[in-house]
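Next come the chains, spelled out residue by residue.
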Amino acid sequence: MPQECIFCKISAKEIPVPVIYEDEYIIAFPDIKPAAPVHVLVIPKKHIANLLELTSDDIMLMGHVLSTIPKIATKLGLAEDGFRLVVNTKDNGGQTVHHLHWHILGGRFMTWPPG
Ligand code: AMP
Ligand code: ZN
């Protein structure tokens, strides 16, 4: 893992976070700077910098992430009104932490297009 990757440190429990969901492959925790009433990040424990770095080895992991996110969203109370799922990718996408992550945003109406 890259030594300075903050999300690797979170998945290795070197930085404590309030864990919302965790299993062998992924961990979900609140965003430190919430952009919505509910703002949770879901990360793979494995370091992958962004979507462009995925390989065929990650296919099962990606299926696991996407099939678990609705369960996490339901646990967060977002199933009835819905939510937004965001994966910022590299500079133009607004990615600031270079460890792949999904933002689950909910608790208010999300405008479109995003800024
Ligand atoms: P992105 O801009 O898509 O790379 O998203 C990175 C997100 O990580 C931002 O929304 C930050 O607020 C969030 N973040 C950074 N450090 C932490 C941390 N220690 N705990 C929780 N969220 C964090
Ligand atoms: Zn990492």
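For the structure itself, look to the data block above.
Because the structure is a prediction, the values reported are computed rather than measured.

Calculation notes
- Residues numbered from 1 in each chain as written.
- Chains lettered and ligands numbered in written order.
- Predicted model: local features only at pLDDT ≥ 70, side-chain atom pairs only at ≥ 80, totals over all residues.
- Heavy atoms only, no water.
- Core = buried A, V, L, I, M, F, W, Y, C linked by side-chain atoms within 4.5 Å.
- Buried < 20%, exposed > 50% of the residue type's maximum accessible area, 1.4 Å probe, protein only.
- Helix = DSSP H or I, 4+ residues; strand = E, 2+ residues; numbered from the N terminus.
- Contact = heavy atoms within 4.5 Å.
- Pairing = 2+ DSSP bridges.
- Axes fitted to C-alpha atoms, helices over the stretch in contact; angles between N-to-C directions.
- Salt bridge = Lys/Arg side-chain N within 4 Å of Asp/Glu carboxyl O.

Tell me about the nonpolar core, and name the residues and values.
Within soluble globular proteins, side chains that are nonpolar generally end up buried alongside one another. V42, M62, V65, W102 and I104 are the most contacted members of the largest nonpolar core, which totals 17 residues. Residue assignment for this core shows that the elements contributing at least two residues are strand 2 (26–30), strand 3 (38–44), helix 2 (59–75) and strand 5 (102–106). For this core, the element with the highest residue contribution is helix 2, accounting for 6 residues. With residues up to four places along the chain from it excluded, the contact list for I104 reads V38, H39, V40, V42, I69, I72, L78, F83, R84 and L85.

Lay out unusual backbone geometry with the relevant residues and their values.
In the segment running from W112 into P113, the intervening peptide bond is cis, with an omega of 0°. Here the phi dihedral of K13 falls at roughly 65°; this positive angle occurs in a residue that is not glycine. With respect to the element layout, K13 can be found in the loop between helix 1 (6–11) and strand 1 (21–22). Of note in this structure, K90 is not a glycine but carries a positive phi near 60°. Along the polypeptide, K90 turns up in helix 3 (residues 90–93).

Residue-level account of the sheet that holds strand 2, with values.
Pairing is antiparallel across the open sheet formed by 5 strands, whose spatial order is 1-2-3-5-4. The open sheet is flanked by strand 1 and strand 4 (83–86), the only strands paired with a single partner. Pairing of strand 1 with strand 2, which is carried by 2 bridges, proceeds in the antiparallel orientation. By the bridge assignment for strand 2, Y21 is matched with A28. Along the sheet face, helix 2 touches strand 1, strand 2, strand 3, strand 4 and strand 5 and points at about 20° away from the line of strand 5.

An account of the pattern of salt bridges is needed here, citing residue identities and associated values.
By the definition in use, this model includes 4 salt bridges. Put simply, E4 and K9 hold a salt bridge, and the shortest N to O gap is 3.5 Å. Take E4: its relative accessible area is 65%, and that puts it in the exposed class. A salt bridge links K46 to D58; its shortest N-O distance comes to 2.4 Å. Separated by 12 residues along the polypeptide, K46 in the loop between strand 3 and helix 2 and D58 in the loop between strand 3 and helix 2 bring together distant segments of the chain. Overall, the relative accessible area of 40% leaves K46 in the partly exposed class. The network of salt bridges with common partners includes K13, E22 and K45.

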